[in-house]
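Okay, here's what each chain looks like letter by letter:
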Amino acid sequence: MGKNQKIPYLTEVLFYLGKVIILFLILNYLIAQTPLYNQSLILILSIFLAFSYNPFYLVLIVSSYLISFRIAIINIGEFGLLFLYLFTVLLNTLFMIIYLKIKYKFKEEE
Amino acid sequence: MITLFQLIIFWILFDFIYIAYRVSLLIIHKRKLRFHKHPLISVLIPAYNEAICIEKTLTSCINQTYPNLEIIVINDGSTDETLEVINSFKKKHKNNLDHRNIDFKIINQKNQGKAKALNYGKKYTNGDFLITIDADSYLNSHAIEKIISYFSSEDIGAVAGNVVAVSKHSLLGYLQKIEYELGIHFIRNSQSSLGNVIVTPGALSAYRKNAIKKFEEGTLTEDFDSSIRILEKGYKIVMAPDAVCYTQVPLNISDLIKQRVRWQQGGLEVFSKHYFHQKTFSVSLEWTFLFLFGFYALFSKILALFVIPLFLISSDYSSLSFFIISFLVYSLFIYGILFSIVAHYSHDKKAILAVPLFIIYYHTIVLYSVLVAQILAFKGGNQSWEKIKRYHT
């Protein structure tokens, strides 16, 4: 790294990490009051929520995660968290693809 | 709390399925048929501020062993001396161009980006086959002859060239060089066995003119976008490992991150654009594998970066050190396998020695770029055709 070089997009990344921490602290406090409390899931939720406060994305992911919380607590247990982790990554990708599809309105070939 | 060890188990799940799929395709790979005719080939070279390196690109084009060429250079509103360099090249090599019967056209347009430049240039083409070359890349003298020979049947819509990174004796350049080799010999070669090469690289690719109505516009990675469109039309895309093209790569971290962010963002856009389009079964399978294991599995690795601080905060140093050791052992093993495959095909045995450095490079620069691309995708604001620093090659 040369003397005059900066790491590109560092401000954006730091701002994003700040959002993750704030969301994590808030959600950790709120969900700790319920029987659904699970720190790993709250962290994952914070990471994905911090990408966007878009209501469409927010509603979908929160409802999905609430269902996932119950499944995790009742049936899956600790090991099942890994599969839930897989599920959340896929879910996030799918939401992002739909979101970008709507946002960019790509022109289709005639 | 998910433990860091569980994260590694999760990565193994991704990596092993993906490697097994790729290796099985490499084993069945057989493509021997060749096409030996010499139809007119139109070479398209879009250029934006490439004064420093375009002469070498053009020289490599006119020194091809292939006999029937027309060369079309599209100056995309360059603000440096690119146009002057192209004009003086044409004058300087007039005799050679006449002698070899090469029609050399120079076209100007205001700056509109690479895809529009290619489409504008395509209007002036007369050949049934198109070859696109980046203005910062140069070809091996047999490259065009070799790449065209892969159009052995009517269903082959495009052929991807073998892009070799010019490392210029820099460590960062060398790491990118072996990364490119990994992409060519491990991913594209295996995709080629079923004719499903997902990305035709901008640096060197050949297209059957009927297969590509226009180069796709509106995304940051027009080469990925256009090749997916060709596959959706039912054509096959294969790889030509012997059609070699040398390309410049960023030689500083800042430019490298910018380039990778653009690729990742472009990849996300192309996935969004084509995700719900109809594809053949084998293309859908390749698409799904690329999506799950090649493209998005990266993001699962980023999550570990978020979990590590929690272990530091909770002073659970034994778990953290266990994670780091497990991670290093696992990474050395997995990249050892991959680089052995690369060394086998590229005859570069010392690539295996670079595994530890490659692990650091990959898990910092590449993962950082994936994260940034995700953040920018939601933030909005498209990147333009951003320039990386060019060097004399």
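Here, every reference points to the structure presented above.
The notes below deal with the structure included here. Small disclaimer: the values here were computed from a predicted structure and weren't measured. (Residues numbered from 1 in each chain as written. Chains lettered and ligands numbered in written order. Predicted model: local features only at pLDDT ≥ 70, side-chain atom pairs only at ≥ 80, totals over all residues. Heavy atoms only, no water.)

**Concerning the overall build of chain B**
- Regarding its fold elements, chain B presents 13 helices and eight strands.
- Considering chain B as a whole, with its 393 residues, one finds that 63% of them fall into the buried category.
- As displayed, chain B has an accessible area near 15,400 Å², and 60% of this comes from carbon and sulfur atoms. (Helix = DSSP H or I, 4+ residues; strand = E, 2+ residues; numbered from the N terminus. Buried < 20%, exposed > 50% of the residue type's maximum accessible area, 1.4 Å probe, protein only. Areas by Shrake-Rupley, 256 points an atom, 1.4 Å probe, with all protein chains shown as cover.)

**Here we look at the side chain of Asn162(B)**
- Checked against the element boundaries, Asn162(B) lands in strand β6 (residues 156-166).
- When neighbours within four sequence positions are excluded, Asn162(B) is seen to be in contact with Ile184(B), Met239(B), Ala240(B), Pro241(B), Ala243(B), Val244(B) and Cys245(B). (Contact = heavy atoms within 4.5 Å.)

**Description of a nonpolar patch on the surface**
Residue and element names in this part refer to chain A.
- A cluster of nonpolar side chains, contributed by Ile22, Ile26, Tyr29 and Leu30, occupies part of the molecular surface with about 440 Å² of accessible area.
- Inspection of the secondary structure puts Ile22 in helix α1 (residues 10-31).
- With relative accessibility at 52%, the residue Ile22 sits in the exposed group. (Patch = residues over 30% accessible without salt bridge, like charges linked within 9 Å, V, L, I, M, F, W, Y side chains within 5 Å. Salt bridge = Lys/Arg side-chain N within 4 Å of Asp/Glu carboxyl O.)

**Concerning the nonpolar core**
- Tyr16(A), Ile178(B), Phe186(B), Tyr335(B), Phe339(B), Phe358(B) and Tyr361(B) are the most contacted members of the largest nonpolar core, which totals 61 residues.
- Of all the secondary structure elements, the ones that give two or more residues to this core are α1, α2 (39-49) and α3 (55-104) of chain A together with α1 (4-28), α7 (171-192), α9 (253-274), α12 (317-346) and α13 (355-379) of chain B.
- In terms of residue count, α13(B) provides more of this core than any other element does, 14 residues in total.
- In this structure, Ile178(B) is in contact with Phe339(B), Asp348(B), Ala351(B), Ala354(B) and Phe358(B), ignoring residues within four places of it in sequence.
- Judged by nonpolar contacts, the second largest core, of 45 residues, contains Ile41(B), Ile133(B), Leu139(B) and Ile147(B). (Core = buried A, V, L, I, M, F, W, Y, C linked by side-chain atoms within 4.5 Å.)

**Let's talk about unusual backbone geometry**
- Non-glycine residue Tyr9(A) carries a positive phi angle of around 65°.
- With respect to the helices, strands and loops of the structure, Tyr9(A) is situated in the segment before α1.
- Residue Tyr9(A) is classed as buried on the basis of its relative accessible area of 17%.
- The backbone phi angle of Asn49(B) is positive, close to 50°, even though this residue is not glycine.

**Comments concerning the packing of α12(B) against α13(B)**
Residue and element names in this part refer to chain B.
- Where α12 contacts α13, the axes come no closer than 9 Å and their chain directions differ by 110°. One way to sum up the angle between α12 and α13 is to call them roughly perpendicular. Contacts from Phe327, Ser331, Leu332, Tyr335, Gly336 and Phe339 of α12 reach α13 at Val355, Pro356, Phe358, Ile359, Tyr362 and His363.
- The residue makeup of the contact of α12 with α13, split by class, is nine nonpolar, three polar and no charged. (Axes fitted to C-alpha atoms, helices over the stretch in contact; angles between N-to-C directions. Parallel < 35°, antiparallel > 145°, perpendicular 65-115°, else oblique. Nonpolar A, V, L, I, M, F, W, Y, C, P; charged D, E, K, R; others polar.)

**Description of the sheet that holds strand β1 (residues 41-47) of chain B**
Residues and elements named next belong to chain B.
- Read from one edge to the other, the open sheet built from eight strands follows the order β3-β2-β1-β4-β7-β6-β8-β5, with strand pairing classed as mixed. Two strands close off the open sheet at either side, each with one partner strand: β3 (103-109) and β5 (137-139). Here the strands of the sheet are splayed against their neighbours by 25° on average, with no regard to which way each runs.
- Here β1 pairs with strand β4 (residues 129-133) via four bridges, running parallel. Along β4, the bridge assignment pairs Ser42 with Leu130.
- Against the sheet, α7 contacts β6 and β8 (236-248), and its axis sits at roughly 160° relative to β6. (Pairing = 2+ DSSP bridges.)

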